[in-house]
Amino acid sequence: MNQGLLNSLTEAERLLVAEAERDALKQLDEDELLDLHQRIRRTRTKYVKNYRRGASAAVADAGGRGLSYARNQRDRDKAELFESVLATVSREVAAAARRASMELRAERIAAGRSARPALAPAKRPAGKPAPATNPRPRAAKTTGGLKKDASTRALGSRRQAARDSR
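Residues numbered from 1 in each chain as written. Predicted model: local features only at pLDDT ≥ 70, side-chain atom pairs only at ≥ 80, totals over all residues. Heavy atoms only, no water.

Novice: How would you summarise the packing of helix H2 (residues 11-19) against helix H6 (residues 73-115) if you had to cite specific residues and measurements?
Specialist: Running from amino to carboxyl end, H2 crosses H6 at an angle of 30°, the nearest separation of the two axes being 10 Å. Classified by the angle their axes make, H2 and H6 are roughly parallel. Handedness of the H2/H6 crossing: left-handed. Contacts from Glu 13, Leu 16 and Val 17 in H2 reach Lys 78, Leu 81, Phe 82 and Val 85 in H6. (Axes fitted to C-alpha atoms, helices over the stretch in contact; angles between N-to-C directions. Helix = DSSP H or I, 4+ residues; strand = E, 2+ residues; numbered from the N terminus. Parallel < 35°, antiparallel > 145°, perpendicular 65-115°, else oblique. Left-handed = near helix turned anticlockwise from the far one by under 90°. Contact = heavy atoms within 4.5 Å.)

Given below as structure tokens:
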């Protein structure tokens, strides 16, 4: 990161950036990560808004968008900094959510296995072979596209609703 930009941050903003470093992120749980994500998103939005307002006001003074680009550099840089920090935190939130999902899934599978009694395999008579399984999955009846099928179902629902309202 640009040291000049980091020096221009307020103390609260510096702490916010420090909280988003990898070592600090590993110590946070999912709820704390979501809270940090929200705070960084608010700060990023603030600087994006400040930049856009300043840039639009500078266009009239400078005589064009290209000429006004050099102005308001600090807000643009801060918005970019917080965007990259937000991306880092977003990836960590996604990883934490994935871990929590896998843990919950494992718990549910374990609970399902413990609640169900173990079934003994069915015994077949010695002379009969095992039933044949179909190697190819059966094709679903579609018209060629999921969106088209959904649209067709929705159209039918709308027609039925129109009939029911009469």
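Here the narrative resumes, following the displayed structure.
Novice: Quick rundown of the nonpolar core? Include the residues and the values.
Specialist: Proteins that are soluble and globular tend to have nonpolar side chains buried together. One finds Val 17, Leu 36, Ile 40, Leu 81, Phe 82, Val 85 and Val 89 to be the most contacted residues of the largest nonpolar core, which totals 18 residues. Mapped onto this core, the elements with two or more residues apiece are H2, helix H4 (30-62) and H6. Looking at which element gives the most residues to this core, the answer is H6, with 8 residues. (Core = buried A, V, L, I, M, F, W, Y, C linked by side-chain atoms within 4.5 Å. Buried < 20%, exposed > 50% of the residue type's maximum accessible area, 1.4 Å probe, protein only.)

Novice: Could you give an account of the packing of H4 against H6, naming the residues involved and the relevant values?
Specialist: At a closest axis distance of 8 Å, the pairing of H4 and H6 adopts a crossing angle of 160°. Taken together, the axis directions place H4 and H6 in an arrangement best described as roughly antiparallel. Where H4 crosses over H6, the two elements pack in a sense that is left-handed.

Novice: Describe a positive patch on the surface, naming the residues involved and giving the relevant values.
Specialist: There is a patch of like positive charges on the surface, built from Arg 158, Arg 159, Arg 163 and Arg 166. Tracing the sequence through the fold places Arg 159 in helix H7 (residues 146-164). (Patch = residues over 30% accessible without salt bridge, like charges linked within 9 Å, V, L, I, M, F, W, Y side chains within 5 Å. Areas by Shrake-Rupley, 256 points an atom, 1.4 Å probe, with all protein chains shown as cover. Salt bridge = Lys/Arg side-chain N within 4 Å of Asp/Glu carboxyl O. Lys, Arg positive; Asp, Glu negative; His and termini not counted. Charge placed at Lys NZ, Arg CZ, Asp CG, Glu CD.)

Novice: Give me the pattern of salt bridges: which residues, what numbers.
Specialist: Applying the stated criterion across every chain yields a total of 6 salt bridges. In this structure, Glu 19 and Arg 39 form a salt bridge, with 2.9 Å as the shortest nitrogen-oxygen distance. Here Glu 19 is found in helix H2, whereas its partner Arg 39 is found in helix H4, with 20 residues between them in sequence. Look at Glu 19 and you get partly exposed, because its relative accessible area is 30%.

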